[in-house]
Amino acid sequence: MINIPFISLIVILLYVAPSAQALKSWYTPPGGTPAGSVAGDKVRGVNLGGWFILENWMMPSFFEDEVLKDTYINDEWVYCSYLGKEECLNRLEKHWDSYITEDDFKRFANYSLNTVRIPMGYWSWTDPEEYEPYIQGQLPYLERALNWSSWYGLDVLMDLHGLPGGQNGQDNQGYKGPIEFQNNATNMERAMDALANMTKFVTQDKFDGVVKAIQLTNEPYILEYSSNGMDFNVLADFYVQGYNTVRANEHILSGSNEVMVVIHDAFQPVLNWKYFWSQESMGLNWTNYALDTHIYDAFGGSNLKTYQEHLDTICAQAAAISEAQTYFPVIVGEFSLGTNTYCVDYQSCFGLTLDEVISNITSSYEANLFMRQFWEVQSNVYELGAGWIFWSVHHELAGPWSWTQSAAQNWMPEDPNEKIWPFYSNASSYCLDTYNPIQGDQNMPYFPTYANNYTNIDISTVTRKYYVNSTGTEAIANSTSVTSTGDSTSAGNSSSSTTTNSTSSATSAANASQRELLGVGVWTSLLFVLVSITSIL
């Protein structure tokens, strides 16, 4: 006999359960099935880009004030060079404190994301040379983000986004200019120092294993991709030394696995990397690794494509991703809904408003519907691999490049499992059947016809969650107070010198957080269940 009240109780308990489900395992045992191979158990994340490395196209207003507006600021190097270290520190501390907040993590959890990728430059982790204008002070803000990740059930992929000398010549490495990483041995030594310090810091006991993966670097250019790139053997040597550095410096919690070491594909076909992991001098003896690939359909005339051509471009990626995933985890570590570039000349966007930009996208229902289709085809195709991480969390004006704005415009669903159209993974064209919605046209989504403020997303029901610490007992993550150091501090001593220790006030705040969780989160949920059971009975 079916017990109706019992079934209703199960439904209620599922309703109040946390929405963010972490990837079950970031570990691939030697010879085992690559992590992220199980349907539904995928990396679903967002990049915290523009936070610890400035990219002018993502935040034009940051450079629009009276001091900076008449000077072209290519990158963080020029930004700090122009302002001087003291003023640069003052401004960047305000940026680090406000650009990413706890509410962002609540939104991530509310949308069932399970991962954040955090890009950082080498200068955060090893002392800048005297001639380098970079400043330090990032680590207290990173620590705060790692705690937020624990509270809201998200895993962290740490990414050494910029190398000494530069690996791709773009602003995302910190300095827009020539690729000079390969020019001298000192750059390699400093890169290893940065990786060692980063690995030691983020795998400390106090973070309870929230960092599941470390990426050696972002988007390196090799000669096969760019005439200005480095020789492949230089990159391969960096990857080998980087892997060994991570393994030598990571702290593995009792009962946990080693961190996943992630390398970028250097814009080569993903299946090419079978070679790297088959060579004894390269990656043959590695354990627990993954490949990062970035897929954008916004460059090289992509803006001239039809909607269907954009969808087909993504469909064409399916076969290679699916096959490569049988050999090693394939994470699409960057993608967006953008089909053209916005504010790449950031000064061209001075004075524009989000409403003006969004109005061009929301001018027709079909334009909005394509955004949802573009989201759906990408999430489907990339989950043939180990999953995806959206670039990036915010963009002041370009909604399709902003996770928060894309969510606010309803271009992506609150539940990543929600699908509108059938998906055929073996089709290289029309893999998303946009002509035959799964539940019919009557279930087409609503899209705001204006720039919906992402702060309108309701996160009132999202509460901090328990996690299990290294001693195996339940705990609440302690908050980290962030104070201005007034000058840059060596990241080589990052464990003690750049991260603010808990004080009595911080302890009080942590206790208050615990009371908040117990008094509001847990007991409210239990009360809701009891009341519901009573009404059922």
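Because the structure is predicted, anything quoted here is derived from the model rather than measured.

1. Regarding the overall build of the protein
Moving on, step 1. Within the protein, the secondary structure is distributed over 15 helices and 10 strands.
Moving on, step 2. By residue count, 55% of the 537 residues in the protein fall in the buried class.
Moving on, step 3. Partitioning the contacts of the protein with sequence separation of at least 6, the portion at a separation of at least 24 is 78%.
Moving on, step 4. Entry remark: accessible area of the protein is about 22300 Å², with carbon and sulfur atoms responsible for 51%.

2. Topic: the side chain of Asp292
Moving on, step 1. In this fold, Asp292 is placed in strand 6 (residues 289-294).
Moving on, step 2. Within the local environment of Asp292, its side chain forms a polar contact with the side chain of His294, the two groups lying 2.7 Å apart.
Moving on, step 3. Leaving out residues up to four positions away in the same chain, Asp292 has contacts with Arg117, Gln215, Val262, Ile263, His264, Asp265, Ile331, Val332, Gly333 and Glu334.

3. Quick look at the state of the cysteines
Here is the idea: a disulfide is a covalent bond, and it sits between the sulfur atoms of two cysteines.
Moving on, step 1. In total, this model carries 3 disulfides according to the counting rule given.
Moving on, step 2. One disulfide in the model links Cys315 with Cys431; its S-S distance is 2.0 Å. Between Cys315 and Cys431 the disulfide shows an S-S torsion of about -80°. By sign, it is left-handed. Taken together, the residues span a long stretch of sequence, with Cys315 in helix 9 (residues 307-315) and Cys431 in the loop between helix 13 (403-408) and strand 9 (467-468) at a distance of 116 residues.
Moving on, step 3. The class for Cys431 is buried, based on a relative accessible area of 1%.
Moving on, step 4. Here Cys343 engages in a disulfide with Cys349; their sulfurs sit 2.1 Å apart. Judged by the torsion about the S-S bond (-95°), the Cys343/Cys349 disulfide is left-handed.
Moving on, step 5. Note on Cys343: relative accessible area 7%, which makes it buried.
Moving on, step 6. Sequence-ordered numbering of the bonded cysteines in the protein yields a pairing of 1-2, 3-6, 4-5.

4. Some words on the confidence of the model for the protein
When pLDDT is low, close inspection of the predicted coordinates is not appropriate.
Moving on, step 1. For the protein, per-residue confidence averages 87 on the pLDDT scale, and residues scoring 70 or more make up 83% of the total.
Moving on, step 2. Throughout residues 483-537 the model reports pLDDT below 50, and contacts reaching past four residues in sequence, or to other chains, amount to 74 contacts.

5. Observations regarding the pattern of salt bridges
Moving on, step 1. This structure, assessed with the given rule, holds 19 salt bridges.
Moving on, step 2. Lys69 serves as the salt-bridge partner of Glu66, at 3.2 Å between the closest nitrogen and oxygen.
Moving on, step 3. According to the relative accessible area criterion, Glu66 is exposed, its value standing at 62%.
Moving on, step 4. When salt bridges that share partners are traced, they join Arg117, Asp159, Asp292 and Glu334 into one network.

6. Concerning the sheet that holds strand 3 (residues 155-162)
Moving on, step 1. Here 8 strands make up a closed barrel; going around it, the order is 1-2-3-4-5-6-7-8 and the pairing parallel. Going across the sheet, the axis of each strand differs from the next one's by a mean of 25°, ignoring polarity.
Moving on, step 2. Sheet analysis places strand 1 (residues 43-47) next to strand 2 (residues 115-121), joined by 3 bridges and oriented parallel. What sits directly across from Gly45, in strand 2, is Thr115.

7. Let's talk about the environment of Met444
Moving on, step 1. With respect to the helices, strands and loops of the structure, Met444 is situated in the loop between helix 13 and strand 9.
Moving on, step 2. For Met444, the residues in contact, after removing those within four places along its chain, are Tyr365, Leu369, Ile420, Trp421 and Pro437.

8. Looking at the nonpolar core
A general tendency of soluble globular proteins is for nonpolar side chains to be buried together.
Moving on, step 1. Trp125, Leu142, Met158, Phe238, Trp273 and Phe276 are the most contacted members of the largest nonpolar core, which totals 131 residues.
Moving on, step 2. Those residues within four positions of Met158 in sequence are excluded, and the remaining contacts are Ile118, Met120, Trp125, Leu142, Met198, Val202, Val211, Ala213, Ile214 and Gln215.

9. Regarding unusual backbone geometry
Moving on, step 1. Residues Trp391 and Ser392 are joined by a peptide bond in cis, for which omega reads 0°.
Moving on, step 2. Here Ser392 lies in the loop between strand 8 (387-390) and helix 13.
Moving on, step 3. The backbone of Ser112 shows a phi angle near 60°, a positive value even though the residue is not glycine.
Moving on, step 4. Looking at where Ser112 falls in the secondary structure, it is placed in the loop between helix 4 (102-110) and strand 2.
Moving on, step 5. A residue is classified by how much of its surface remains accessible, and Ser112, at 15% relative accessible area, is buried.
Moving on, step 6. Despite not being glycine, Glu219 shows a phi value in the positive range, around 45°.
Moving on, step 7. With respect to the helices and strands, the residue Glu219 is situated in the loop between strand 4 (211-215) and helix 7 (232-249).
Moving on, step 8. Residue Glu219 is classed as buried on the basis of its relative accessible area, which comes to 10%.

Parameters at a glance
- Residues numbered from 1 in each chain as written.
- Predicted model: local features only at pLDDT ≥ 70, side-chain atom pairs only at ≥ 80, totals over all residues.
- Heavy atoms only, no water.
- Helix = DSSP H or I, 4+ residues; strand = E, 2+ residues; numbered from the N terminus.
- Buried < 20%, exposed > 50% of the residue type's maximum accessible area, 1.4 Å probe, protein only.
- Contact = heavy atoms within 4.5 Å.
- Areas by Shrake-Rupley, 256 points an atom, 1.4 Å probe, with all protein chains shown as cover.
- Polar contact = N/O pair within 3.5 Å; in protein donor to acceptor, adjacent residues only side chain to side chain.
- Disulfide = S-S within 2.5 Å.
- pLDDT = per-residue confidence, 0-100.
- Salt bridge = Lys/Arg side-chain N within 4 Å of Asp/Glu carboxyl O.
- Pairing = 2+ DSSP bridges.
- Axes fitted to C-alpha atoms, helices over the stretch in contact; angles between N-to-C directions.
- Core = buried A, V, L, I, M, F, W, Y, C linked by side-chain atoms within 4.5 Å.

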